[in-house]
Protein chains: 4
Amino acid sequence: MIQYLNVLNCKGSFVVRVGVVGCTGYTGIELVKILLNHKEFSLEYLSSSSIDGDSFSDVFGFMQSITDLKITKTNTRDVIDKCDIIFLATPHKESMKYVKELYSKVKIIDLSADYRLDLDTYENNYTKHIDSENIANASYGLPELYREKIKNSSLVANPGCYPTASLLGLMPFIDYIKDDSYIFIDAKSGVSGAGKKISNVAHFPNMNENFMPYAVHSHRHLPEIIEHISKSFQKSLNIKFVPTLMPITRGMQANIYISNFKLTNAREILDNFYKDEYFVRIKNEATNVKDVGGTNFCDIFISQDKDSLFINTSIDNLLRGASSQAVVNANIISGFKEDLSIPKIAYMP
Amino acid sequence: MIQYLNVLNCKGSFVVRVGVVGCTGYTGIELVKILLNHKEFSLEYLSSSSIDGDSFSDVFGFMQSITDLKITKTNTRDVIDKCDIIFLATPHKESMKYVKELYSKVKIIDLSADYRLDLDTYENNYTKHIDSENIANASYGLPELYREKIKNSSLVANPGCYPTASLLGLMPFIDYIKDDSYIFIDAKSGVSGAGKKISNVAHFPNMNENFMPYAVHSHRHLPEIIEHISKSFQKSLNIKFVPTLMPITRGMQANIYISNFKLTNAREILDNFYKDEYFVRIKNEATNVKDVGGTNFCDIFISQDKDSLFINTSIDNLLRGASSQAVVNANIISGFKEDLSIPKIAYMP
Amino acid sequence: MIQYLNVLNCKGSFVVRVGVVGCTGYTGIELVKILLNHKEFSLEYLSSSSIDGDSFSDVFGFMQSITDLKITKTNTRDVIDKCDIIFLATPHKESMKYVKELYSKVKIIDLSADYRLDLDTYENNYTKHIDSENIANASYGLPELYREKIKNSSLVANPGCYPTASLLGLMPFIDYIKDDSYIFIDAKSGVSGAGKKISNVAHFPNMNENFMPYAVHSHRHLPEIIEHISKSFQKSLNIKFVPTLMPITRGMQANIYISNFKLTNAREILDNFYKDEYFVRIKNEATNVKDVGGTNFCDIFISQDKDSLFINTSIDNLLRGASSQAVVNANIISGFKEDLSIPKIAYMP
Amino acid sequence: MIQYLNVLNCKGSFVVRVGVVGCTGYTGIELVKILLNHKEFSLEYLSSSSIDGDSFSDVFGFMQSITDLKITKTNTRDVIDKCDIIFLATPHKESMKYVKELYSKVKIIDLSADYRLDLDTYENNYTKHIDSENIANASYGLPELYREKIKNSSLVANPGCYPTASLLGLMPFIDYIKDDSYIFIDAKSGVSGAGKKISNVAHFPNMNENFMPYAVHSHRHLPEIIEHISKSFQKSLNIKFVPTLMPITRGMQANIYISNFKLTNAREILDNFYKDEYFVRIKNEATNVKDVGGTNFCDIFISQDKDSLFINTSIDNLLRGASSQAVVNANIISGFKEDLSIPKIAYMP
């Protein structure tokens, strides 16, 4: 029984064929959920490195009666044949193997880190790059920062979750931050951010009712934040980053502290910077992660005292932090309205 | 800025105008979320007993940028003027005041208990009824049981959450249950089922990491289950019901134990009973509430031993247990496809 | 720095030397926590199959500054030399290897299933027994049922968690249960009951905000319940057992439903049965797991209707369900007051 | 049945009689739990503003079979007659009424804010003081900072929870912090910190799976931190403080970021500062709240980069953040070993 939820557009045909490589991890699953409901994209292809032939709904019981799509073992030939746009929800190091073969044959939205950074930064923080020539072809998929570049690219490097939450908070103020200011980012993420693979830290009795910082001063998302600020604003900011794992499934916040910030009109600057950005909402009180859970929204709140600025942002780490942002990028490169079929209503309560 | 998410149908106009009375409780909020996205219903009216003039998005921050709808103080004149169908997400005793004035002027989906039961049963369990003549005009909003009656009615009494979870589990087997069988229902619900009003039991430090039975042998949903089995199957079953409050936000399960059940083909009976019912999914292993959270699905699993039957059902207590089922009923009375714009994809992980 | 928390008794010496084999699992850790604070037991020996030489406080950071005890690789020679009583917090199949060598040389409290059951029942549900002759030497460590036998034994088979919660609830009524009664046990346990080893089901994003039955009609604790009722009461009851995994760390409940129960004085029977039992508390309202979390108490509540009995018990699955009950048994075989150094005050809120 | 858990000391008598005013809030309950088990204190008096005559165990079901103590309506005459030391677990503004009458008649450990601050600071942040003359008589109950003063005082102002977590983290470094350094404290607390009184924010469906900053730049604990640093170190530091409410019951962390900190031997400084302090544990990796939950320990971890210092502390907000620290203070003023009967072993897992 075929049960596509795609709505035929009035022309009576699907316009753009899409697929997801690595469809069994959390971000892959979120992509499938959004794409099945997308008005203009037709989800045609699901693949994985370890499954070949099973129905997506057999692997994921909650998808029973939703779709008949099958998962096949990833094969770039199939991708090229079946897809106009391919989403790579694969880990770093895996994505680049596929991009190497797929570039210019199909449009690519890559959710890994493989094309987010300059070669040096990448190799210092991840691993040896096997497709470095395509790094220059990639646009960084944060629309509020690189919209024009994304429009014209056929390879989008979807940002990391913490960088999205941090950059969206910082961007309005970067031009005003003094050279001697310190920026401390105290970030927090639900456990889905650690992925689907089982581990001691994510063992329920260890994580439940508990929280702890990790990767202190050493998280790979910090170089990503620094690099894009440098590129876009020609500024080298002194940023420190400490993430904390939180005993919830999904949700992410960045608390950003900026020293030696004395402008009195920070709120005006913020409002103005995002006045035309639908997916950024300015709040009058501290944000909370349930207000954005299940959506692509980033909520932002700020508070100033006499010499510092506090910025607080909330996103859904799997959606705005990965999959819904990826589909927004696909909308952009396809020339569709950016918010087309993007989840907007929170899973409240 | 008006930001309706309703999609124009190809005719370019909205077909059916709907409204929600009591839009600030959890089931009211869920109704708003579904109706804003409904292809054929246009959400025109939101009211509350205590708010008059505030934007829905001012009261509920997560709805910022989603809708400009305002909440007004409930007024039946307004309901009649603005709505073709009105959803009453009001407590019992409140709904009947409105139905008394609205019946036959507008179609009504009532989420309270006021029209679910015969007068005697109602008054023995709730309070004095002030609109008893309309009880006979109501259909009980469980489509798998009363679809035809719902189609032809203009007042639908939406079932209680526990009755939905219990009846869907029991219905396939009622004709086979022996007169001397005992039926024990051990049910479990997330805390949203207790409502938005603050209380000691729902105080986070009391409920977190805890669970406990309540209303043992005295929950008002038991007479509701018994009555509808009696009406539809002409059978008087010996049912005991004990609910337990669970330390999660949403999710509901009914574990149903039937003694002296010796048929060997229970699975065949189950499959057959629901073979044409899209929103009931039969599972090969015990159900879990996350697979149905955010959807209108009821998942069912059974297991037999030599002389008893175990039935396990899962639903989302706010959706299949209230609001999405209410919209399904509105689809039915409007002659639309039953699953039109009904949430189907779970909020996973 | 040695920081024993044992209090010298007035004689100025420690009376009984104890040890824990398998001290790194959850029940092993709970044993260490209780024994370090025990007035009469001196904790002298900690062993594991995989650690040899590390400090307990290096392996478990929360024990830093509490003890200098080291963990060594399990060696029965060491056990015999250093201990008067040994606690085996080892999995089934492991324990019997140790008991085979240790019996009659040291007193043994075994937390596994290896000596709880008759040979046939054991081998049908677990694995081949390699020390079956000692099964007859074991007492089953439920004091409310077998206190005299425990006093005189030197090998105690500590009960499983679900059997403790279920037997304590059933025992007062067994003599009154009719032959044709059905007994349905709907049990619930926090995730620590599944153990320390990582698994998909206990992966935080899967288990958080979720719950589901498991081992339906097939849990190994059912034969254990049935067998001890049969032995102690010479009655063969028709019991069905379905456990549900709960999204909390610790806590266990048994909801027991008995059909065809028409005695009107069930509360009197219950009060009388436990009137001299300190660690069973009778409650006037449904029990909750936080009231017993961190303690050895079993709370019990009952409710009757015209023809059935509902029994609801709560225990801490790691304590009364395993480790604190084990230390109570050690107190008994040592001739100490049963409640000596046994945790009694709940971790509330 | 009297069931005191106090152990007779070898002299065969209880040395010090204690009581708790406001014994029904969370910190009051924690005091009762500790004092019932205290070797040298005899808990003789429990009072509340609203209860008079009920047993503590009737009000708190988990205390059934633990104690026969009754709660009476607070009466200073009774306090003076029955107690040598009184613990005031009352809200601010309440405590000062009692201290006014009790000072010099009984030793007082006050858990409120009423005597922690200079008069001006207090009145600017709380309310008008009615017993300001006793402010000078109070010692601030943080032993690692004011041990000698506490020893000689008969009125101890127990610190707030966030100040304890923050001061313990900062103290070793204060002498080294530069005048132009910024100190940002990003703190996190479980919901028990908000108290027993029900509220919208602590309504389970709102708080579960959620977190949010609150009292941004306006929390009353900031002046407390600043004042005691100023008094003890004669330094005026530029501190910003933002707390976040966490979806757990108990647990507290302070993440402290210090700019322009370039000393390379921070770990050495830290180790040295606390080398004789039993209740501060230095950790080699980021701390977590479960390691200290149920104990009086404060765990501390630090990490440096080229120009900043990150300090991370964890405490149990109800124990080290209030009640166990209060009993430590009572031990000090009584001349007992500081750690006598103080909880040390975490509630793990």
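Residues numbered from 1 in each chain as written. Chains lettered and ligands numbered in written order. Predicted model: local features only at pLDDT ≥ 70, side-chain atom pairs only at ≥ 80, totals over all residues. Heavy atoms only, no water.

A count of helical and extended segments in chain A gives eleven helices and 14 strands. Scaling as 2.2 N^0.38, a compact globule of 349 residues should have a C-alpha radius of gyration of about 20 Å, and chain A matches this with 20 Å. Here chain A holds 349 residues, and 67% of them are scored as buried. Within chain A, residue pairs in contact and separated by at least 24 positions form 71% of the contacts whose partners lie at least 6 positions apart. Carbon and sulfur atoms make up 47% of the accessible area of chain A, which totals about 11800 Å². (Helix = DSSP H or I, 4+ residues; strand = E, 2+ residues; numbered from the N terminus. Rg over C-alpha atoms; globule rule 2.2 N^0.38 Å. Buried < 20%, exposed > 50% of the residue type's maximum accessible area, 1.4 Å probe, protein only. Contact = heavy atoms within 4.5 Å. Areas by Shrake-Rupley, 256 points an atom, 1.4 Å probe, with all protein chains shown as cover.)

What follows covers the pattern of salt bridges. Applying the stated criterion across every chain, the model contains 96 salt bridges over all chains. In this structure, Asp271(A) and Arg267(A) form a salt bridge, with 2.9 Å as the shortest nitrogen-oxygen distance. A residue pair is termed a helical-turn pair when its members lie 3 or 4 positions apart in one helix, as Asp271(A) and Arg267(A) do in helix H10 (residues 266-273) at four residues. Taking the relative accessible area as the measure of exposure, Asp271(A) reaches 31% and is therefore partly exposed. Here Glu227(B) ties to Lys231(B) by a salt bridge, and the two come within 3.9 Å at their closest N and O atoms. Taken together, the residues span about one helical turn, with Glu227(B) and Lys231(B) both in helix H9 (residues 221-233) at a distance of four residues. When its relative accessible area of 10% is taken as the criterion, Glu227(B) is described as buried. (Salt bridge = Lys/Arg side-chain N within 4 Å of Asp/Glu carboxyl O.)

Attention shifts here to the environment of Ile258(B). Looking at the element boundaries, Ile258(B) is found in strand S11 (residues 252-259). Along the sequence, Ile258(B) and Phe173(B) sit 85 residues apart, while their C-alpha atoms lie 9.8 Å from each other. Apart from the residues lying within four places of it in its own chain, the contact partners of Ile258(B) are Leu170(B), Ile177(B), Ser181(B), Tyr182(B), Ile183(B), Asp307(B), Ser308(B), Leu309(B), Ile311(B) and Phe184(C).

All right, on to the packing of helix H1 (residues 26-36) of chain C against helix H11 (residues 323-334) of chain C then. Residues and elements named next belong to chain C. One can describe the packing of H1 onto H11 by two numbers: an axis separation of 8 Å at closest approach and a directional angle of 50 degrees. Considered as vectors, H1 and H11 are oriented oblique to each other. In terms of crossing hand, the pair formed by H1 and H11 is right-handed. Contacts between H1 and H11 pair Thr27, Glu30, Leu31, Ile34 and Leu35 from the former with Ser323, Ser324, Ala326 and Val327 from the latter. Looking at the contact of H1 with H11 residue by residue, the class counts come to five nonpolar, three polar and one charged. (Axes fitted to C-alpha atoms, helices over the stretch in contact; angles between N-to-C directions. Parallel < 35°, antiparallel > 145°, perpendicular 65-115°, else oblique. Left-handed = near helix turned anticlockwise from the far one by under 90°. Nonpolar A, V, L, I, M, F, W, Y, C, P; charged D, E, K, R; others polar.)

Glancing now at the domain arrangement of chain A. Residue and element names in this part refer to chain A. Partitioning chain A into structural domains gives domain 1 (16-158 + 322-334) and domain 2 (162-315). Using only C-alpha atoms to locate each centre, domain 1 and domain 2 end up separated by 25 Å. At the boundary of domain 1 with domain 2, total buried surface from both sides reaches about 2000 Å², with 50% on carbon and sulfur atoms. Applying the counting rule to domain 1 against domain 2 returns four salt bridges. The salt bridge partner of Asp118 is Lys231, with a shortest N-O separation of 3.1 Å. Put simply, domain 1 and domain 2 have 15 residue pairs in polar contact (both at pLDDT 80 or more) between them. Sorting the residues of the side of domain 1 that touches domain 2 by element identifies helix H1 (26-36), helix H5 (119-125), helix H6 (143-151) and helix H11 (323-334) as the ones contributing at least two each. It is H6 that provides the largest number of residues to the side of domain 1 that touches domain 2, a total of four residues. (Domains from an automatic or database assignment. Buried area = accessible area lost by both parts, 1.4 Å probe. Polar contact = N/O pair within 3.5 Å; in protein donor to acceptor, adjacent residues only side chain to side chain.)

Further remarks concern the interface of chain D and chain A. Counting from both sides, the interface comprises 44 residues of chain D and, opposite them, 44 residues of chain A. Between chain D and chain A, roughly 3700 Å² of surface is buried when both sides are summed, and carbon and sulfur atoms account for 61% of that area. Linking chain D with chain A are six salt bridges. Inspection of the region where chain D meets chain A yields 30 residue pairs in polar contact (both at pLDDT 80 or more).

Let us now look at the relation of the copies chain B and chain D. When chain B is fitted onto chain D, the two copies agree to an RMSD of 0.0 Å after a turn of 180 degrees and an axial shift of 0.0 Å. Both copies of the chain, as the preceding transformation shows, are related through a two-fold rotation axis. Taking C-alpha positions as the reference, the residue of chain B nearest the rotation axis is Phe204(B), at 2.2 Å. Of all interface residues in chain B, 100% are interface residues in chain D too; the two copies therefore contact each other through one and the same surface. (Least-squares fit on C-alpha atoms with pLDDT ≥ 70 in both.)

A turn of α-helix holds 3.6 residues, and therefore any two residues three or four places apart point the same way. Helix H7 (residues 161-170) of chain D sits mainly inside the fold: ten of its ten residues count as buried. For H7(D), the set of buried residues is Cys161(D), Tyr162(D), Pro163(D), Thr164(D), Ala165(D), Ser166(D), Leu167(D), Leu168(D), Gly169(D) and Leu170(D).

Of all hydrophobic cores here, the largest spans 176 residues; its most connected members are Phe87(C), Leu170(C), Phe87(D) and Leu170(D). Per-element accounting of this core gives the leading share, eight residues, to helix H11 (residues 319-334) of chain D. Look past the residues within four positions of Phe87(C) in its chain and what remains in contact with it is Val18(C), Gly19(C), Val20(C), Val21(C), Leu31(C), Leu35(C), Ile109(C), Ala326(C), Val327(C) and Ala330(C). In terms of nonpolar packing, the next biggest core, distinct from the first, is built from 175 residues, Leu167(A), Ile225(A), Phe261(B) and Leu340(B) among them. (Core = buried A, V, L, I, M, F, W, Y, C linked by side-chain atoms within 4.5 Å.)

Each side of the interface is counted separately: chain B has 19 residues, and chain D has 19 residues. Counting each side, the surface lost to burial between chain B and chain D is near 1500 Å², with a carbon and sulfur contribution of 63%. Contact with chain D buries area across many residues of chain B, yet Ile198(B), His203(B) and Phe204(B) alone supply 45% of it, more than any other trio. Summed over the shared surface of chain B and chain D, the number is zero salt bridges.

The subject of this paragraph is the relation of the copies chain D and chain A. Each copy superposes on the other: chain D lies on chain A with an RMSD of 0.0 Å after a rotation of 180 degrees and an axial shift of 0.0 Å. Take the interface residues of chain D: 100% of them recur as interface residues in chain A, which is what a same-surface contact looks like.

So, on to the side chain of Gln253(C). Mapped onto the elements of the fold, Gln253(C) is located in strand S11 (residues 252-259). Here Phe211(B) takes part through its backbone oxygen, which lies 3.5 Å from a polar atom of the side chain of Gln253(C). From its side chain, Gln253(C) meets the backbone oxygen of Thr287(C) in a polar contact 2.9 Å long. The residues touching Gln253(C), leaving out its near neighbours within four places in the chain, are Phe211(B), Met212(B), Pro213(B), Asp186(C), Ala187(C), Lys188(C), Thr287(C), Asn288(C), Val289(C), Asn312(C), Thr313(C) and Ser314(C).

Residue and element names in this part refer to chain C. An order of S3-S2-S1-S4-S5-S7-S6 is seen for the seven strands of this open sheet, with the pairing classed as parallel. At either end of the open sheet lies a strand with only one pairing partner, and these are strand S3 (71-73) and strand S6 (139-140). Sheet topology places strand S4 (residues 85-88) next to strand S5 (residues 107-110); four bridges connect them, and they run parallel. Along S5, the bridge assignment pairs Phe87 with Ile109. (Pairing = 2+ DSSP bridges.)

On to the sheet that holds strand S6 (residues 139-140) of chain A. Taken together, seven strands build an open sheet; the order of strands is S3-S2-S1-S4-S5-S7-S6 (chain A) and the sheet is parallel. Only two strands of the sheet have a single neighbouring strand rather than two, namely strand S3 (71-73) and S6 of chain A.

The next subject is the pairing of strand S10 (residues 238-246) of chain A. Residues and elements named next belong to chain A. Within S10, nine of the nine residues are buried, which leaves the element mostly enclosed by the surrounding structure. Both faces of S10 are covered, namely the face carrying Asn238, Lys240, Val242, Thr244 and Met246 and the face carrying Ile239, Phe241, Pro243 and Leu245. As paired elements, strand S8 (residues 182-190) and S10 share nine bridges and run parallel to each other. The residue bridging Gly190 from the neighbouring strand is Met246, located in S10.

Turning next to the packing of aromatic side chains. Here the structure, examined in full by the defined rule, presents 62 aromatic pairs over all chains. On the numbers, 5.1 Å between centres and 70 degrees between planes, the contact of Tyr278(B) with Phe279(B) is edge-to-face. For Phe279(B), a relative accessible area of 6% corresponds to the buried category. Grouping aromatic residues by their ring pairs yields a cluster made of Tyr182(A), Phe184(A), Tyr257(A), Phe310(A), Tyr182(D), Phe184(D), Tyr257(D) and Phe310(D). Over the aromatic face of Tyr347(A) sits the side chain of Arg250(B), whose NZ or CZ is 4.2 Å from the ring centroid. The ring of Phe297(B) is capped by Arg281(B), whose NZ or CZ atom sits 4.0 Å from the centre of that ring. (Phe/Tyr/Trp six-rings, centres within 6.5 Å; stacked < 30°, edge-to-face > 60°. Lys NZ or Arg CZ within 6 Å of the ring centre and 35° of its normal.)

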